Every structure is written in structure tokens, then in C-alpha cells.
Amino acid sequence: MLVPDALTRALAVSSHAVILTGSGTSAESGVPTFREARTGLWARFRPEDLATPAAFERDPGFVWDWYEWRRGIVATVEPNPGHTAIVALERLLPRVTLITQNVDGLHQRAGSANVIEFHGNIMRSKCSIEHCSVDISGDADRRPPPCPNCGAPVRPDVVWFGEAIPPAALEAALAAAAGCDVMLVVGTSAQVQPAASLAGHASARGAVLVEINLEATPLTASADYVLPGKSGVILPALVESLRDADDLRGRTG
Ligand code: BV8
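Nothing here was measured: the structure is a model prediction, and the numbers come from that model. (Residues numbered from 1 in each chain as written. Predicted model: local features only at pLDDT ≥ 70, side-chain atom pairs only at ≥ 80, totals over all residues. Heavy atoms only, no water.)

A few words now on the environment of Ser125. As for its placement among the helices and strands, Ser125 is situated in strand S4 (residues 120-127). Among residues more than four places away in sequence, those in contact with Ser125 are Trp64, Arg71, Cys132, Ser133, Val134, Ile136, Val154, Arg155, Pro156 and Asp157. (Helix = DSSP H or I, 4+ residues; strand = E, 2+ residues; numbered from the N terminus. Contact = heavy atoms within 4.5 Å.)

Structure, rendered in C-alpha cells:
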């Protein structure tokens, strides 16, 4: 059985469920996970060494090209059944807060309306000095393009290592983790902080913690339910189990 009955019941009676996703949720769409995101030219570099202000300062063109390469992949992929199942959960359950570490925007493209983008969004760019949003669609030859207002290099609108999580996103995520009764942690190696600590905040307040992953992570030992497998398989199974429970409740009144 993919989904234990007790978990279905816990979700069905939840008043506030949080879903925390990592790059494993986008893997079945063809987006390399963060620790796989090093193929070919980038194989020699660790993301932690590329996704930093120092790397951009040192060689803005090189970092810009890495993001252009990633944007190119994201532009060609589609949401997968895991993303679609999360949209279904948002409609089936009374209250769902979706927090994503992913920067690919696939949750929004699948139909999730309220997404807390904990690490920003690779499809948006901003001035590296003023942090105002910049449309780069027409400026392909400069790497990176200059800000049209002040001429400073434009950068991706993501949170680099060593940078603070956007205050509004951090506040909303902490509040959701503290107030939920179930948290699904999906497709994350739980290595990156402070995102990974959201699970501890939730379980410390008595939430049921559910991990969906292909591998064990630092969260596995503290999870109430560990569902090993692909998010594109497990999440649709969760939706089906909730619908069956709904039907059952409907039949039995
Ligand atoms: C900050 C945007 C402070 C950029 C990213 C303790 C507390 C606070 C900070 C730290 C701390 N300890 C260390 C730190 C520093 C650092 C950190 O966490 N370092 C790590 C490497 C140890 N944290 C920070 O710097 C953060 N900032 O703390 O600032 C501060 C405060 C005030 C003022 C100034 C500063 C900022 C971190 C944000 C970094 N930016 N992304 C970009 O994308 O280019 S993080 C990056 O990693 C991605 O967003 C990604 O989502 C994230 C986490 O990785 P995962 O999503 O987990 O991906 P991964 O590949 O690791 O794992 C994939 C998983 O999926 C695997 O488990 C796999 O088994 C599974 N999987 C694969 N396929 C499937 C699947 N599961 C299910 N189904 C499948 N099909």
C-alpha cells in the first residue's frame, strides 16, 4: 500500500497542511536536481560555489551563463504529475500552504496559486545593486545585461548562499510551519538551511511529518511517515487515497 490509511485520515481531518518541496519534485519534469545540476561544463563546480555573491562578483559572465543554461532547461519542460497532484491537494484540503525551495516556477505553471518561493525564481531577473526587477528579454548579447536604470550588472532573482531569505517569504513559511497539523516534505535532501529546519519547527509543534523521497535524509528519522518513491507517483496516490476516503465518507454519511 502506497499510502497508509492513518496518513490519509490525518490529511483528511487536517485544518492546515504545509507542503515543502525541493528539486526532487521537478526531477520528473527533466530539471536536474540541485546536486545533479552539474553536467558537462559545470561538472567541475559545486552549486554552492556558483550560486554565491562572491562567484558573481568574481566572474558575473560565467555565473550568468550558468543561469542562462538552467533557464533554457526550465523553459523547455512541463510540470509533472507530482506538481499536478499538489494542485489537487490544494483543492481537496481546507487549507494548504506550499513552500518551495525550487526556483523553476513549475508549481505556478501547474496551477498552484499561492506559492512561497523560499529561494526566489530563476525566470525573474533584478538589478544587482538596486534589486529592482529587470526585463532581460530584449538584451541577449551582454552577459550579464546592464540594469537599464543604473548600468549595474543584472542578476537572477534567486537567493544565493550567504544571502538572507526574503523576509516576507521567511515570515510566511515560519508561521505556516508553526501552525500546521501536517507537513509533507517532498524531494529535498534537507541539506540547505534555513529551509530544512521548517520541518523541525512543524514537528516540534506536534504536526504529523511526512517525507516523500527516493533516499533517506536527515529528516527521515524524525518523520512520522516515510513514503519512499517518486513524488510523481506518491503524490497522485495521496490524492487518490483522499478521494476514496471522501467517497467512503459520502457513502457512509
Ligand atoms: C542564509 C537558489 C543567512 C539559487 C538555493 C544554518 C542556518 C542558516 C544558514 C546556514 C546554516 N548552515 C549553513 C548555512 C548556509 C547555507 C546552507 O544551507 N548551506 C548548505 C550547503 C549547508 N544557507 C544559506 O546560505 C541560506 N542563507 O542562511 O543566510 C543570512 C541571514 C541574514 C543575513 C544574511 C545572511 C540561503 C540558502 C539558499 C541557497 N539557494 N537556491 C539557485 O538555485 O541557483 S538552494 C538550492 O538548494 C536550491 O534552491 C535547492 O532547492 C536547494 C536544496 O536542494 P534540494 O532541493 O534538496 O535538492 P538536492 O539536489 O539536494 O536533493 C534533491 C532530493 O530530491 C534528493 O534527496 C533526491 O533523493 C530527491 N529526489 C530526486 N528525484 C526525486 C526525488 N524525490 C522524489 N521524487 C523524485 N522523482
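We now examine the sheet that holds strand S5 (residues 133-134). Spatially, the three strands line up as an open sheet ordered S5-S4-S6, and their pairing is antiparallel. Pairing within the sheet leaves two strands with one partner each, and these edge strands are S5 and strand S6 (154-158). Examined bridge by bridge, S4 and S6 share five bridges and lie antiparallel to one another. When the sheet's bridge partners are listed, Cys127 is paired in S6 with Val154. Sitting on the sheet, helix H5 (residues 60-76) is in contact with S4 and S6, with an inclination near 140° to S4. (Pairing = 2+ DSSP bridges. Axes fitted to C-alpha atoms, helices over the stretch in contact; angles between N-to-C directions.)

Once that is clear, we can look at the nonpolar core. Formed by 25 residues in total, the largest nonpolar core has its most connected members in Leu11, Ile19, Leu89, Leu184, Leu235 and Leu238. Secondary structure elements with two or more residues in this core: helix H1 (5-12), strand S1 (17-21), helix H6 (81-92), strand S2 (96-100), strand S7 (182-186), strand S8 (208-213) and helix H10 (231-252). Top element by residues in this core is H10. It accounts for six residues. Within the second largest apolar cluster, 23 residues are counted, among which are Leu20, Ile165, Ala177 and Cys180. (Core = buried A, V, L, I, M, F, W, Y, C linked by side-chain atoms within 4.5 Å. Buried < 20%, exposed > 50% of the residue type's maximum accessible area, 1.4 Å probe, protein only.)

By domain assignment, the protein chain separates into domain 1 (1-30 + 79-119 + 165-253) and domain 2 (32-76 + 120-158). With centres defined by C-alpha atoms, the gap from domain 1 to domain 2 works out at 28 Å. On the side of domain 2, 13 residues touch domain 1, which itself brings 16 residues to the contact. Buried area between domain 1 and domain 2, summed over both chains or domains, comes out near 950 Å², and the portion from carbon and sulfur atoms is 45%. Sorting the residues of domain 1 by area buried against domain 2 places Ser23, Val103 and Glu117 first, and these three jointly supply 43% of that buried surface. Counting across the interface, domain 1 meets domain 2 through one salt bridge. For Arg124, the salt bridge is made with Glu117, and the minimal N-O distance between the two is 2.9 Å. Our count for the contact surface shared by domain 1 and domain 2 stands at five residue pairs in polar contact (both at pLDDT 80 or more). (Domains from an automatic or database assignment. Buried area = accessible area lost by both parts, 1.4 Å probe. Salt bridge = Lys/Arg side-chain N within 4 Å of Asp/Glu carboxyl O. Polar contact = N/O pair within 3.5 Å; in protein donor to acceptor, adjacent residues only side chain to side chain.)

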